[in-house]
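Coordinates in review
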Amino acid sequence: MPIETGYHDELGEFFAQNANTSPYNAYTDRPAMLALAGDVANADILDVGCGAGHYAAELLARGARVTGIDASATVLRHAHSRAARAELRLHDLEQPLDFAADASFDGIVCALVIHHVTNRRQLLAEMRRVLRPAGWLVISITHPTADWRYFGGSYYDQSWVDLPHGPGVLHFQRTTLEAFLGELLDAGFTLEKLVEPRPGAELREVDEAAYTRLTERPSFLAARLRSGV
C-alpha cells in the first residue's frame, strides 16, 4: 500500500466513518478476525494497516499492547482518537518494518490490506521476522470468488483493479485461494485455520438485506497462521 495510494483525505474520512457500522467491516470481517486472534491479554500485537483504529481499540480493550501502522495520516488521526493508548505510526507497507526488532510481537493482525500491497513477499517476510517463536498472524482479504463475480472474466485473473468506494476507488490485486495461501506458506507460515466470514445474527436486526446477502455469498477470506518457528 504505497503512501500515494493510501486512504487519504475524503476517501480516508469516508472509510473511517463507514467502518464504524458497515455490514462488511463491523459485522463480518472484524468479528471473524477477532475470533481468530482469540485471547490477546498481555500480548504485544502489531496491527498492520490499522486504518481508523477499530481493531486497535478492540485489542486494547481485551488487554493487549498494540502498535498500529498505516500509510494514511487521515485515518491515523481517527485511530489516535479511537485507540489513544496504542503506539501508532505512519508507515508505508511497501517498506521494511525497520522500526521493529526481530521477535518483538506475539501476534499480528492484517485485516483487508495485503491485497493492496505490491511487494507482498517482503511484507510477509518482515511480519514473520518480527514475530516471536510460535507467534501468530491473522489475515483477511476480499474473497476471490466475490471479486470474480464483480469483475468477471477468468477466476484465475490476478490483475490490479479499481473498485468504486464512496468518494474514491480502492486499488488492489485480484487473487485466487491457491495464490493467497501459497504466498503465506512460501513465507514460512503454517496454516492453523481458514474461515469464510459470515455476519452474526445481530446484523439481521440492523440490515436484513445485507444479512441475507452476506450469509449467501462470500465476501471475505480470513486465516490464522503460526510463524512456523
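Residues numbered from 1 in each chain as written. Predicted model: local features only at pLDDT ≥ 70, side-chain atom pairs only at ≥ 80, totals over all residues. Heavy atoms only, no water.

**Some points on the overall build of the protein chain**
The following threshold applies: Labels follow the DSSP assignment, with helices taken as runs of H or I lasting at least four residues and strands as runs of E lasting at least two, numbered in each case from the N terminus. The classification of residues rests on relative accessible area computed with a 1.4 Å probe and restricted to protein chains. Under 20% of the type maximum is buried, over 50% is exposed, and intermediate values are partly exposed. The contact criterion used is simple: two residues touch if any of their non-hydrogen atoms lie within 4.5 Å. For accessible areas, the Shrake-Rupley method is used with a probe of radius 1.4 Å. Any residue's cover is judged against the shown protein chains and nothing else.
When you go through the protein chain residue by residue, the secondary structure sums to 9 helices and 9 strands. In terms of principal-axis extent, the alpha carbons of the protein chain reach across some 45 × 35 × 35 Å. When the 229 residues of the protein chain are sorted by exposure, 53% land in the buried category. For the protein chain, long-range pairs separated by at least 24 residues make up 69% of all intrachain contacts whose partners lie at least 6 apart in sequence. Carbon together with sulfur atoms contributes 49% to the accessible area of the protein chain, which is approximately 10400 Å² in total.

**Here's the deal with the nonpolar core**
Cut-off, in case you're wondering: We define the nonpolar core as a collection of buried residues of types Ala, Val, Leu, Ile, Met, Phe, Trp, Tyr and Cys that are connected through side-chain atoms lying within 4.5 Å of one another.
Judged by nonpolar contacts, the single largest core of 28 residues is most densely connected at L46, V48, I108, M127, L137, I139 and L184. Counting only elements with at least two residues in this core, the list comes to β1 (44-48), β4 (105-111), α5 (120-130), β5 (131-142), α7 (177-186) and β9 (220-226). Leave out the neighbours within four places in its chain, and L46 touches T67, I69, L97, F99, F105, G107, I108, V109 and V130.

**Looking at unusual backbone geometry**
The residue A103 is not glycine, and still its phi comes out positive at about 50°. As for its placement among the helices and strands, A103 is situated in the loop between β3 (87-90) and β4. One non-glycine residue with positive phi stands out, namely A134, at about 65°. Relative to the helices and strands, A134 resides in strand β5.

**Considering the sheet that holds β9**
Cut-off, in case you're wondering: For two strands to pair, DSSP has to find at least two bridges joining them. Angles here are taken between N-to-C directions and fall from 0 to 180 degrees, while the axes themselves are lines fitted to C-alpha atoms, restricted in helices to the stretch in contact.
Spatially, the 7 strands line up as an open sheet ordered β3-β2-β1-β4-β5-β9-β8, and their pairing is mixed. Among the strands making up the open sheet, the edge pair consists of β3 and β8 (190-195). Going from strand to strand, the sheet's axes swing by 15° on average, the running direction of each strand aside. In the sheet, strand β2 (residues 65-70) pairs with β3 via 4 bridges, with the strands oriented parallel. Bridge assignment links I69 to a residue of β3, and that residue is R89. Packing against the sheet, helix α4 (residues 73-82) makes contact with β2 and β3, and its axis sits at approximately 170° to β3.

**Concerning the pairing of strand β6 (residues 160-165)**
Two elements, β6 and strand β7 (residues 168-173), share 6 bridges in a ladder whose sense is antiparallel. Bridging across to β7, L163 finds its partner in L170. Between the antiparallel neighbours β6 and β7 lie 2 residues, among them G166 with a positive phi of about 55°.

**Overview of a nonpolar patch on the surface**
Formally: A patch consists of residues whose relative accessible area exceeds 30% and which take part in no salt bridge; residues with like charges are grouped when within 9 Å of each other, and nonpolar side chains (Val, Leu, Ile, Met, Phe, Trp, Tyr) when within 5 Å. In the sections that follow, a salt bridge refers to a side-chain nitrogen of Lys or Arg positioned within 4 Å of a carboxyl oxygen of Asp or Glu.
Together, L177, L185, L191 and L194 make up an exposed nonpolar region whose accessible area comes to about 300 Å². Every element with two or more residues in the nonpolar patch is listed here: α7 and β8. In this structure, L194 sits in strand β8.

**Remarks on the UniProt feature "domain: Methyltransferase type" (unreviewed entry) in the protein chain**
The line we're drawing: UniProt positions are given in the numbering used here, feature names are shortened, and annotations may be inferred rather than shown by experiment.
Those residues carrying the UniProt feature "domain: Methyltransferase type" (unreviewed entry) are residues 46-139 in this numbering. Span residues 46-139 is 31% helix and 31% strand, its end C-alpha atoms 12 Å apart.

**Quick look at α7**
Of the residues making up α7, those classed as buried are A179, F180, L181 and L184. Buried residues belonging to α7 abut α5, β5, β8 and β9. Looking at the residues trailing α7, positive phi occurs at G188, about 100°.

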